[in-house]
Amino acid sequence: MNALEFRIRTPDGRTETVVVDGDRALVGSGAHCEIRLPPEHAAVEHVAVSLGPAGVYAEARSLDPAPTLNGTPFTQGPVLPDAILGVGLVQIGVSQAAAVADARVVHRKHEKTNPLVYVLAAVAVPLSLWVILADEPEEGLTRVPSDVPALFAAPVAACPEASPEQALSVARDKVVLAAARRERRPFHVQDGVAAVPLFEIAGACAAAGGDAELARDAAEAASLLRLRVGEDFRTHRVRLEHAISIADWATAHREVRVLRAMLEGRQGEYVTWLSNLDRKLQLKYGKKG
């Protein structure tokens, strides 16, 4: 059975070792996080930790402040057994747990409880699953609407500025903004969505302004990002539908929040359904971050 072992050291020197049953855990101050830290040290979701064939892997979910590995800020990378993951002033060692009891719960290895760290089970125990199913969202919320809105409008083909000088200025401004949003995409999915039309405007305006190289680069960036974000959108929809089909409401809640962020500003039956399902699941998994 896969499990992650976290060795946590708080700023006052207290230590605690916890084992999360499963191959994935979130570290942050959100109520849904498996390793919950005080908000003065961590964002709602600060680091996602996963266990794969190559070992433990960590991915930053927030850069405020940036998490560190052995004192160096990072966005994603492997976590070696002797590495120290830093979240705020909290230091955490992570490794694959040697053994876990059959019960799917988080086991605390020290009797002394650290009041700063609250741990939730990564995978619900059968009793917890029964409780969740006893309050399963009504059928109308588990039936996925087929009318899914398009993530993107048609590609931008014309620059809003007629003057070549003004068009080139817009192109340069938009490409910088688009690149910045693309960089924030791993932490805020809606920025990835917003970056696509910005790159497209930059490409169209660069062409109108006579900068063929910038126009080509911006158009290629827009096309690639449109493809990748679209694939992410489909993946999260599939994950949500699968989670609903097996009554995995914790995973469903996470996927609903991602999809709502990607569809920010959109309207329609699917968006309304996501909003209603989110409110229902918040009753089980706490306030959304």
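Sequence order as written defines residue numbering, which begins from 1 separately in each chain. With the structure being a predicted model, the display of local features is reserved for residues of pLDDT at least 70 and the display and counting of side-chain atom pairs for 80 or more, all residues being used for whole-chain, interface and lining totals. Note that water and hydrogens are dropped before the side-chain values are worked out from all heavy atoms of the structure.

Novice: Break down the overall build of the protein chain for me, citing the residues and quoting the values.
Specialist: Secondary structure elements follow DSSP: runs of H or I no shorter than four residues count as helices, runs of E no shorter than two count as strands, and numbering proceeds from the N terminus. Along the backbone of the protein chain there are seven helices and 13 strands. Classification of residues uses two cut-offs on accessible area relative to the type maximum, computed with a 1.4 Å probe and protein chains only: under 20% is buried, over 50% is exposed, and between them is partly exposed. The 289 residues of the protein chain split such that 44% are buried. Working rule for contacts: check all heavy atoms of both residues, and any pair within 4.5 Å makes them a contact. In the protein chain, the share of contacts with a sequence separation of at least 24, taken over all contacts with a separation of at least 6, comes to 57%.

Novice: Talk me through the packing of helix α3 (residues 164-184) against helix α5 (residues 212-245); I want residue IDs and the actual numbers.
Specialist: Relative orientation of the contacting elements α3 and α5 amounts to 30°, with a least axis distance of 11 Å. The angle between α3 and α5 places the two elements in the roughly parallel class. Judged by the twist between their axes, the crossing of α3 over α5 is left-handed. For the pair α3 and α5, contact is made by Ala 171, Arg 172, Val 175 and Arg 182 and by Leu 214, Ala 221 and Leu 225, respectively. Axes, fitted as lines to C-alpha atoms, cover a helix only where it is in contact. Angles between the N-to-C directions of the axes lie from 0 to 180 degrees. An angle below 35 degrees is read as roughly parallel, one above 145 as roughly antiparallel, one from 65 to 115 as roughly perpendicular, and any other as oblique. Crossings are assigned a handedness: left-handed for a near helix turned anticlockwise from the far helix by less than a right angle, right-handed for a clockwise turn.

Novice: Please set out the nonpolar core residue by residue, giving values where relevant.
Specialist: Counting 41 residues, the largest nonpolar core has Leu 151, Leu 240 and Leu 274 as its most contacted members. Those elements giving two or more residues to this core turn out to be α3, α4 (189-209), α5, α6 (249-262) and α7 (269-285). The greatest single-element share of this core, amounting to 11 residues, is contributed by α5. Apart from residues no more than four positions distant in its own chain, Leu 151 is found in contact with Val 193, Val 229, Gly 230, Phe 233, Met 262, Leu 263 and Arg 266. For the purposes of this section, nonpolar cores are sets of buried Ala, Val, Leu, Ile, Met, Phe, Trp, Tyr and Cys residues that join through side-chain atoms within 4.5 Å. Residues Leu 4, Val 56, Leu 85 and Val 90 belong to the second largest nonpolar core, which totals 24 residues.

Novice: Pulling in residues and values, what's your account of α3?
Specialist: Helix span is expected to be 1.5 Å times the residue number reduced by one. Here α3 is 21 residues long and its end C-alpha atoms lie 30 Å apart, about the 30 Å a rise of 1.5 Å per residue gives. Along α3, the positions that sit buried rather than exposed are Ala 167, Leu 168, Val 170, Ala 171, Val 175 and Ala 178. One side of α3 holds all its buried residues, which, seen down the axis, span an arc of 155°. Along α3, the residues that are exposed and aim more than 90 degrees away from the buried face are Glu 165, Asp 173, Val 176 and Glu 183. Contact partners of the buried residues in α3: α4 and α5. Note that the arc is computed from the directions linking the helix axis to the C-beta atoms.

Novice: Give a detailed account of the state of the cysteines, specifying residues and quantitative values.
Specialist: Any covalent bond linking the sulfur atoms of two cysteines counts as a disulfide. In this description, the term disulfide denotes a pair of cysteine sulfurs within 2.5 Å. Inspection of every chain in the model, using the stated rule, returns one disulfide. The disulfide partner of Cys 159 is Cys 205, and the S-S distance across this bridge is 2.1 Å. For the disulfide bridge between Cys 159 and Cys 205, the dihedral angle about the S-S bond is near 90°, and by the sign convention the bridge is right-handed. Of this pair, Cys 159 sits in the loop between α2 (139-142) and α3 while Cys 205 sits in helix α4, and the two are 46 residues apart along the sequence. For Cys 159, a relative accessible area of 18% gives the class buried.

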